[in-house]
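Topology and contacts: notes
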Amino acid sequence: MDFGFDPEQEQFRDAVRGFAERHLAAGALVRAHAEDYPQDVARQMAEQGLFGIAMSEERGGQGGSLLDSIIAIEQVAAVCPRSADVIQAGNFGAIRTLAEYASVDQRERYLEPLLAGEMLIAVGMTEPEAGSAVTDLVTTASADGAGYRINGTKVFTTYGWHADVILAYVRFGPGVGGIGSVLIDKGADGFTHGQPVRFLSGDDWAQLYFDNVYVPPENVLLGPGGFKRQIAGFNVERIGNTARSLALGRYAFEVARAWALERKQFGRALCEFQGIQWKFAEMQMQLDAAQLLLYRCAASADKGLPSAQQTAIAKAFCNRVGHEVASEALQVMGGAGYSQDSLVEYCFRRTRGWMIAGGSIEILKNRIAEGVFERRFTQRPPRA
Ligand SMILES: Cc1cc2nc3c(=O)[nH]c(=O)nc-3n(C[C@H](O)[C@H](O)[C@H](O)COP(=O)(O)OP(=O)(O)OC[C@H]3O[C@@H](n4cnc5c(N)ncnc54)[C@H](O)[C@@H]3O)c2cc1C
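Presented here is an overview of the structure given in this document. It should be emphasised that the depicted structure is a prediction, and the values quoted were computed from it without experimental measurement.

**Things to note about the site of the ligand**
Of all residues adjacent to the ligand, which total 19 residues, the nearest are Val 123, Met 125, Thr 126, Ser 132 and Ser 360. One of the backbone N or O atoms of Met 125 is found 2.7 Å from an oxygen atom in the ligand. Side-chain polar atom of Ser 360 to an oxygen atom of the ligand: 2.6 Å apart, as the coordinates give it. Elements supplying a minimum of two residues to the shell around the ligand: β1 (121-124) and α13 (361-373). Ranked by residues supplied to the shell around the ligand, first place goes to α13 with three residues. Taken together, the residues of the shell around the ligand break down into seven nonpolar, 11 polar and one charged.

Here's what the structure looks like:
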């Protein structure tokens, strides 16, 4: 067992860090508070080969591993936390599910511009009455000639109303087996959105309405029966969310560590108080344990998709640790940590959302318990 990176991974890590320091450090604070998705950063990263890191070269990717894309998140987040979202968008999110299952035509029309940082894709799963119980979704895809008519509403879609295309989970028929997914272009007839609302993180979302939107057959990604494969791709998205939680916690930790070395009260540096030292000892233990779970999950998934169980364990733990560490770091910095001229309060707000998004901690624990007992526990009420 080897806990270190190999020379190639070290080289990649240093190269990404160098890129981040040269191109992303200066605007990091402004970027964290900007409303729009940083498309300029996306283009730069794409040029640098930081998109599609773990996708095969045949599909336009870099032929690397899931661990490589995590290294990219970590190195970018250490310099500019917000830009880690761009690594997510170019490697872990809907783009990854698309790369996995897209037809040749879909690759040309969507994957190529996405990998070039010229397009943005969002994933619409959640609905007003289908959150944790996502298989309760009621957005329908009804046959119309060779294509489909989509009717329904999506909520909480990250970048939903900014994105050029939505990867929408839809129902072709009853039950889990009736669920699949389609690609819906921005500007399609009948596709509108409601008033934008802000999350605690500062990101906004808007209800997405599909009113008889026509989807041609070539825009079906996964037809009926595609749900399980869709979720297998979604586990990669979860790993990106996991890595960002941990990376933002670590960012806050590093800022607070530097602060504790410099800031003096009662004539002594903060790091000389035992009460403060113990906070850092706790944070260090949490970060190390979370890091190992994340790397274990990625290392055993390198050639394919991560296991659902290891993903659930890593995500639940890293989500919690990322937020708890950001919170403690903020506490150590007092008013300076709570203020918007440092990125620590941003990390605190941002890490909170990932405890809910992409499978809440509670839902992940349900999944973990199923692994422990090697049986399924239905969350549904018993049938009469
Ligand atoms: C920052 C952010 C970004 C998001 N981005 C997207 C996106 O891009 N695309 C998208 O489709 N969705 C997105 N979502 C939505 C997200 O997937 C849902 O919020 C999540 O699945 C929970 O659904 P809900 O909010 O409806 O909560 P509910 O399902 O109503 O749950 C409420 C609470 O009850 C708990 N709970 C529910 N069922 C159980 C159970 N069986 N056992 C124990 N506890 C349970 C939940 O854990 C939660 O704490 C995002 C959400 C956030 C916060």
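So, next bit.
**Let's talk about the pattern of salt bridges**
Counted according to the given criterion, the structure contains 19 salt bridges. Between Asp 136 and Arg 380 there is a salt bridge whose closest N-O contact spans 2.9 Å. Of this pair, Asp 136 sits in the loop between β1 and β2 (140-144) while Arg 380 sits in the segment after α13, and the two are 244 residues apart along the sequence. Assessed through its relative accessible area of 32%, Asp 136 is described here as partly exposed. Residue Arg 380 is classed as partly exposed on the basis of its relative accessible area of 43%. Bridged by salt links that share partners, the residues Arg 82, Asp 85, Asp 203, Arg 244 and Arg 350 form one connected network.

**Side note on the packing of aromatic side chains**
What characterises a pair of aromatic rings is the spacing of the ring centres plus the angle enclosed by the ring planes. Applying the stated criterion to the full structure yields 11 aromatic pairs. An aromatic cluster is defined as three or more aromatic residues linked by ring pairs; in this entry it consists of Phe 156, Phe 199 and Trp 205.

**Some points on the environment of Ala 72**
Mapped onto the elements, Ala 72 comes out in helix α4 (residues 66-77). Overall, Ala 72 belongs to the buried group, its relative accessible area being 0%. Spatially, the C-alpha atoms of Ala 72 and Ala 15 are 9.4 Å apart, while their sequence positions differ by 57 residues.

**Here's the deal with the side chain of Gln 9**
Relative to the helices and strands, Gln 9 resides in helix α1 (residues 7-23). Using a relative accessible area of 13% as the deciding quantity, one classes Gln 9 as buried. Those residues in contact with Gln 9 that lie beyond four places of it in its chain are Leu 67, Asp 68 and Ile 71.

**Side note on a nonpolar patch on the surface**
Together, Met 1, Phe 3 and Leu 292 give the surface a local cluster of nonpolar side chains, amounting to about 460 Å² of exposed area. With respect to the helices, strands and loops of the structure, Phe 3 is situated in the segment before α1. According to the relative accessible area criterion, Phe 3 is exposed, its value standing at 65%.

**Describing the pairing of strand β3 (residues 147-154)**
Two strands pair when backbone bridges link them, and β2 and β3 are joined in this way by five bridges, in the antiparallel orientation. Bridging from a neighbouring strand, Asp 144 pairs with Gly 147 of β3. The hairpin turn running from β2 into β3, its antiparallel successor, is two residues long, and Gly 145 in that turn takes a positive phi close to 65°.

What counts and what doesn't
Residues numbered from 1 in each chain as written. Predicted model: local features only at pLDDT ≥ 70, side-chain atom pairs only at ≥ 80, totals over all residues. Heavy atoms only, no water. Near = heavy atom within 4 Å. Polar contact = N/O pair within 3.5 Å; in protein donor to acceptor, adjacent residues only side chain to side chain. Helix = DSSP H or I, 4+ residues; strand = E, 2+ residues; numbered from the N terminus. Nonpolar A, V, L, I, M, F, W, Y, C, P; charged D, E, K, R; others polar. Salt bridge = Lys/Arg side-chain N within 4 Å of Asp/Glu carboxyl O. Buried < 20%, exposed > 50% of the residue type's maximum accessible area, 1.4 Å probe, protein only. Phe/Tyr/Trp six-rings, centres within 6.5 Å; stacked < 30°, edge-to-face > 60°. Contact = heavy atoms within 4.5 Å. Patch = residues over 30% accessible without salt bridge, like charges linked within 9 Å, V, L, I, M, F, W, Y side chains within 5 Å. Areas by Shrake-Rupley, 256 points an atom, 1.4 Å probe, with all protein chains shown as cover. Pairing = 2+ DSSP bridges.

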